[in-house]
Amino acid sequence: MNKNLLGRTNQEFPSRWLALAAPDGGFSQESPQELVQTARDSGLPIDFSSQPALWGGCMRGADEVVLVQQGTYQIERATSEDHATDLVQAHLIETLSAVGRDCLDFYFLRIRRTLEEFQVNGALAALEAARGEGHLRFLGLHATGHPLAALGLWQFHDAFEVVLLPDDEDARTTLEPLAKQRRVGVIGVGFGDPRLVTVRSSEEIRQVAG
């Protein structure tokens, strides 16, 4: 699997990333442990955001794995900057406890609509504090809603090493120029290079890993 420098991380990462998901019909052919073990054996970064408690419990002791977590949308309901900070800190603690590690490699702030400035400031304060304490290596932005919402945040908060983009022409047209300007790494959801690919079986993982 090819590796390239990824934006402002200044480090090399594989061109394929795995997003773990439960099979549509549930686990019948293989167990979660078997799926996670295949993912670990692939050597690819693993996004376990879909079910942190399930996947995390199977990855304890996997210190060699590049772990990726995406934030929740709870900051949308934060009523103050401190409240937003508390919500993000709680999610980080929950995530680290699930995988039994002291540090996450990537945490993506998910943005689907325009946030209040105090909500953004509170979330970023929590993430920067976590990074300063060694609990987080790299911070990313995931534009899950209208790309202008993410752009508005990003223009005034140059806090991200990487950005996760959906396979959407508007999102790419809106956000890729700023990524290039700021030398921020771009990871496509199901497209591009590098790309994040959803996998539901060991066979799919082996196909992605090539």
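Residues numbered from 1 in each chain as written. Predicted model: local features only at pLDDT ≥ 70, side-chain atom pairs only at ≥ 80, totals over all residues. Heavy atoms only, no water.

**Student:** Sorry, what's going on with the overall build of the protein here?
**Tutor:** If you tally the helices and strands in the protein, you get 7 helices and 10 strands. Computed over its C-alpha atoms, the radius of gyration of the protein comes to 17 Å, within 12% of the 17 Å expected for a compact globule of 210 residues. A principal-axis box enclosing the C-alpha atoms of the protein has dimensions of 45 × 35 × 35 Å. Here the protein holds 210 residues, and 50% of them are scored as buried. Long-range pairs, those at least 24 residues apart, make up 64% of the contacts in the protein with a sequence separation of at least 6. Charge-centre separation for the protein: the mean point of 19 positive side chains lies 3 Å from the mean point of 29 negative side chains. (Helix = DSSP H or I, 4+ residues; strand = E, 2+ residues; numbered from the N terminus. Rg over C-alpha atoms; globule rule 2.2 N^0.38 Å. Buried < 20%, exposed > 50% of the residue type's maximum accessible area, 1.4 Å probe, protein only. Contact = heavy atoms within 4.5 Å. Lys, Arg positive; Asp, Glu negative; His and termini not counted. Charge placed at Lys NZ, Arg CZ, Asp CG, Glu CD.)

**Student:** Would you mind going over unusual backbone geometry with me for this structure?
**Tutor:** The phi torsion of most residues other than glycine is negative, and most of the peptide bonds are trans. Following D193, the chain continues to P194 via a peptide bond in cis, the omega torsion being 5 degrees. Following the sequence through the fold, P194 ends up in the loop between β9 (185–189) and β10 (195–199). At N10, a position not held by glycine, the phi torsion is positive, near 55 degrees. Turning to its location among the elements, N10 is positioned in the loop between β1 (3–5) and β2 (12–14). Classification of N10 as partly exposed rests on a relative accessible area of 49%.

**Student:** Sorry, what's going on with the pattern of salt bridges here?
**Tutor:** Should their charged atoms come close, side chains of opposite charge can pair. Per the stated rule, a full pass over the model turns up 13 salt bridges. As a salt-bridge pair, R101 and D105 come within 3.1 Å of each other at their nearest N and O atoms. Both residues of the pair, R101 and D105, belong to the buried class. Between R172 and E176 there is a salt bridge whose closest N-O contact spans 3.9 Å. Of this pair, R172 and E176 both sit in helix α6 (residues 169–181), 4 residues apart, which is roughly one turn of the helix. (Salt bridge = Lys/Arg side-chain N within 4 Å of Asp/Glu carboxyl O.)

**Student:** Looking at this structure, how should I read the sheet that holds strand β8 (residues 162–165)?
**Tutor:** Strand pairs in the sheet, formed through backbone hydrogen bonds, run parallel or antiparallel to each other. Pairing is parallel around the closed barrel formed by 8 strands, whose spatial order is β3-β4-β5-β6-β7-β8-β9-β10. As paired elements, strand β5 (residues 67–70) and strand β6 (residues 104–111) share 3 bridges and run parallel to each other. Note that in β6 the partner of Q70 across the bridge is F108. Here helix α3 (residues 81–99) sits on the sheet and contacts β5 and β6; the angle it forms with β6, its principal contact strand, is near 140 degrees. (Pairing = 2+ DSSP bridges. Axes fitted to C-alpha atoms, helices over the stretch in contact; angles between N-to-C directions.)

Geometric values such as these leave the question of function open.
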